[in-house]
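Per-entry structural report
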Amino acid sequence: MSVGLVQVGGQVAGSAMARGRVKSGADMDSERREGMAYEYLCHLEEAKNWIQECIKEELPATTELEENFRNGVYFAKVGHFCAPKVVPQRKIFDVDQGRWQSNGLHFKHTDNINYFLTALREIGLPEIFLPETTDIYDRKNMPRAVFCIHALSLYMFKLGSAPQIQD
């Protein structure tokens, strides 16, 4: 037996045998992915609640939210909340989402996302926090869009023009 190991009840304390089955690399990767997915869903729920509070409108369930974000309507409404002169309500394409629900995405929905990004630039949110239009419209990097909402909430809270995002 090696020096420094303690034998307890016939087994070496702290050995893999004493702890049960050793996890494989695939098991650890799976656990890590599940943890990241859970953390992302928590951040998405926080962003949803903050947006609801700002635009005074009920958003869809968190599980459907990413798909609903793609048309940019909720982002444009947040843009209107941040900078109403930059994003007037009348500029928001398909504001009631009727066209999106009946015919799906239309290229003009990208205008909503661009209005949102313009509003964020107008209020001074650093460029590093802004997602690309395709991150939202094509769902290429939706976590980046959610991170942007978190950054925006903190920025606007510090300016005194929005509620603080709740954990």
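Here's what I pulled together on the structure shown here. Only a predicted model underlies this, so the values are computations on that prediction, with no experimental measurement involved.

**A few points about the pattern of salt bridges**
In the structure shown here, the tally under the stated rule is 9 salt bridges. The closest approach of N and O atoms between Glu57 and Lys77, which form a salt bridge, is 2.8 Å. Of the two residues, Glu57 sits in the loop between helix H2 (25-55) and helix H3 (62-69) while Lys77 sits in helix H4 (residues 73-82), which places them 20 residues apart along the sequence. Classification of Glu57 as partly exposed rests on a relative accessible area of 29%. For Lys77, a relative accessible area of 10% corresponds to the buried category. Linking Glu67 and Arg139 is a salt bridge whose minimum nitrogen-to-oxygen distance equals 3.1 Å.

**Some words on helix H8 (residues 142-159)**
Over its 18 residues, H8 runs 26 Å from end to end, which matches the ideal 26 Å to within 8%, given 1.5 Å per residue. Along H8, the residues that are buried comprise Met142, Ala145, Val146, Cys148, Ile149, His150, Ala151, Leu152, Ser153 and Met156. Gly160 occupies a position one or two residues after H8 and carries a positive phi of about 80 degrees.

**Observations regarding the nonpolar core**
Looking at soluble globular proteins, one finds that nonpolar side chains tend to be buried together. Within the largest apolar cluster, 39 residues are counted, with the highest numbers of intra-cluster contacts made by Trp50, Ile51, Phe69, Val78, Phe116, Leu120 and Leu152. Mapped onto this core, the elements with two or more residues apiece are H2, H3, H4, helix H6 (109-123), helix H7 (133-137) and H8. Apart from residues no more than four positions distant in its own chain, Leu152 is found in contact with Trp50, Val78, Cys82, Phe116, Leu120, Ile123 and Leu125.

**Section: the environment of Asn49**
By secondary structure assignment, the location of Asn49 is in helix H2. Residues Asn49 and Gln166, 117 residues apart in the sequence, show an inter-C-alpha distance of 8.0 Å.

**Points about the packing of H4 against H8**
It is the contact of H4 with H8, at a shortest axis distance of 13 Å, that shows an interaxial angle of 15 degrees. On the basis of their axis angle, the class for H4 and H8 is roughly parallel. In this structure, H4 meets H8 at a crossing whose hand is left-handed. Each of Phe75, Val78, Phe81 and Cys82 in H4 lies in contact with H8, whose residues at this interface are Ala145, Ile149, Leu152 and Met156. Each residue belonging to the contact of H4 with H8 can be placed in one class, and the counts come to 8 nonpolar, no polar and no charged.

What counts and what doesn't
Residues numbered from 1 in each chain as written. Predicted model: local features only at pLDDT ≥ 70, side-chain atom pairs only at ≥ 80, totals over all residues. Heavy atoms only, no water. Salt bridge = Lys/Arg side-chain N within 4 Å of Asp/Glu carboxyl O. Helix = DSSP H or I, 4+ residues; strand = E, 2+ residues; numbered from the N terminus. Buried < 20%, exposed > 50% of the residue type's maximum accessible area, 1.4 Å probe, protein only. Expected span 1.5 Å × (residues − 1). Core = buried A, V, L, I, M, F, W, Y, C linked by side-chain atoms within 4.5 Å. Contact = heavy atoms within 4.5 Å. Axes fitted to C-alpha atoms, helices over the stretch in contact; angles between N-to-C directions. Parallel < 35°, antiparallel > 145°, perpendicular 65-115°, else oblique. Left-handed = near helix turned anticlockwise from the far one by under 90°. Nonpolar A, V, L, I, M, F, W, Y, C, P; charged D, E, K, R; others polar.

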